[in-house]
Amino acid sequence: MENNCITTVQDFKMEQPAKWCPGCGGHAVLAAIQRALPETGIEKEKVVFVSGIGCSSRFPYYINTYGFHGLHGRGAAIATGIKLANPELSVWLVTGDGDSMAIGGNHFIHLLRRNLDIKILLFNNKIYGLTKGQYSPTTPKGSVTKSSPDGTIEDPFLPGELAMGAQGNFFARVVDTDLEMMKEVFIQAARHKGTALVEVLQNCVIFNDDIHAEITSKELRAENQLYLKHGEPMLFGKNKELGLIQEGTRFKVVKVGENGVKKEDILIHNALDHDDTRDYMLVRLSRPEFPIAMGVIRSCEASVYDDMMYKQMAEVRSKSSIKTVDDLLCSGNTFSME
Ligand SMILES: Cc1ncc(C[n+]2csc(CCOP(=O)(O)OP(=O)(O)O)c2C)c(N)n1
Ligand code: SF4
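Residues numbered from 1 in each chain as written. Chains lettered and ligands numbered in written order. Predicted model: local features only at pLDDT ≥ 70, side-chain atom pairs only at ≥ 80, totals over all residues. Heavy atoms only, no water.

### Re the overall build of the chain
When helices and strands are tallied, the chain shows twelve helices and eleven strands. Relative to its length of 338 residues, the chain is compact, with a C-alpha radius of gyration of 22 Å against a globular reference of 20 Å. Structurally, the chain occupies a C-alpha span of about 95 × 45 × 45 Å along its principal axes. Burial analysis of the chain (338 residues in total) assigns 48% to the buried set. (Helix = DSSP H or I, 4+ residues; strand = E, 2+ residues; numbered from the N terminus. Rg over C-alpha atoms; globule rule 2.2 N^0.38 Å. Buried < 20%, exposed > 50% of the residue type's maximum accessible area, 1.4 Å probe, protein only.)

### Let's talk about the site of ligand 1
If you check the shell around ligand 1, you find 16 residues, and the closest are C55, S56, G98, D99 and G129. Taking G129, its main chain carries an N or O atom lying 2.8 Å from an oxygen atom of ligand 1. Here ligand 1 loses 72% of its free accessible area of 590 Å² to cover by the protein chains. Take the shell around ligand 1: its biggest share by element is four residues, from helix α4 (residues 97-103). Looking at the shell around ligand 1, its residues break down into six nonpolar, eight polar and two charged. (Near = heavy atom within 4 Å. Polar contact = N/O pair within 3.5 Å; in protein donor to acceptor, adjacent residues only side chain to side chain. Areas by Shrake-Rupley, 256 points an atom, 1.4 Å probe, with all protein chains shown as cover. Nonpolar A, V, L, I, M, F, W, Y, C, P; charged D, E, K, R; others polar.)

### Focus on the environment of M308
Tracing the backbone shows M308 in helix α11 (residues 305-319). Through-space distance from the C-alpha of M308 to that of I245 is 39 Å; in sequence the pair is 63 residues apart.

### Regarding the pairing of strand β6 (residues 196-201)
Of all six residues that make up β6, six are buried, and the element is covered over most of its length. The alternating pattern of β6 places A196, V198 and V200 on one face and L197, E199 and L201 on the opposite face, and all of these are buried. Alignment of strand β4 (residues 118-124) against β6, held across six bridges, turns out to be parallel. Bridge assignment links I120 to a residue of β6, and that residue is L197. Crossover connection from strand β5 (residues 170-175) via helix α7 (residues 179-191) to parallel β6: handedness right-handed. (Pairing = 2+ DSSP bridges. Right-handed = clockwise from strand over helix to strand, strands pointing away.)

Printed below as a string of structure tokens:
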């Protein structure tokens with residue numbers, strides 16, 4: 001799929017600006033993907049963005065590639081069909097937390113389980129934006145919303161945890177306030193062979209403003225974000241003075257230089273490990289005890305559904321006596337009318 005053709009950011013821009021609200025996190029995600037795609041070397045004509053319904057699902061209109069705006073929750077099924085019909089395409093599914101985790105939850109988990117070579121951008125603003133502020137499966141417990149005037153009484157899904165449970169092989173988390181992080185991670189997702197899920201912590205400035213502020217604000221982000229990179233120590237904080245170590249089955253935050261803790265004691269991130277035990281622990285890190293894990297948390301090679309399907313079709317064809325439509329029509333039980 002990849003070649004070294006030259007595309008530019010401009011190639012992926014539309015003449016009209018995106019019609020999201022001013023200040024919506026979607027604008028930054030769009031800018032980041034428009035910067036990432038030229039660096040992947042994928043031909044523009046091979047890129048297709050597919051979506052369901054929601055503010056986030058307006059995405060295919062705002063990027064200058066092929067696109068398919070589908071039905072609520074059904075983007076995963078449409079993307080699956082497109083990829084299987086033409087595996088040469090670079091297929092991107094853009095979805096919201098309602099679109100993917102509520103109405104589309106079933107399609108979503110099976111896409112991850114099957115491991116089709118599809119990239120998913122999950123805009124997690126923890127609310128239904130398009131329909132004006134009802135709570136979603138990722139809304140924090142107790143939130144007062146249009147559909148929960150006395151506060152929600154449900155525990156939310158963590159998309160990362162759901163991805164691991166569905167046997168997902170690539171999971172990353174980014175924030176819409178960090179263009180460089182988004183670009184780097186989108187490129188890694190594009191290069192991963194298999195389903196790659198990127199959860200974007202996206203701000204809905206109208207119906208859930210500042211929902212991610214504890215992680216994204218200038219004052220708090222260094223201490224509250226652990227930006228993981230494969231092969232590098234799990235360090236965070238303004239001067240990278242804080243880090244994670246493991247004690248038994250739990251992580252612990254330590255300060256380098258305090259209580260004899262050396263930099264070498266800090267855990268090294270291994271995104272390629274097939275054992276997902278530590279990935280599970282990382283996606284579940286939560287405030288106030290821990291920072292939130294960002295970046296590519298898991299990136300494992302595994303058999304890809306589209307490859308296997310085409311291989312199986314070739315094998316069946318090579319063994320079959322049916323080579324043409326006539327062969328098919330004359331096969332099995334046939335009879336002639338006298
Ligand atoms: C079958 C069906 N049910 C309900 C709706 C109404 N609806 C449209 S978008 C949406 C939720 C969107 O929320 P989310 O996926 O989080 O996207 P956001 O708008 O926040 O980006 C709902 C319930 C619909 N369009 N179709
Ligand atoms: S309602 Fe929220 S999610 Fe939708 S475009 Fe406006 S800010 Fe973005």
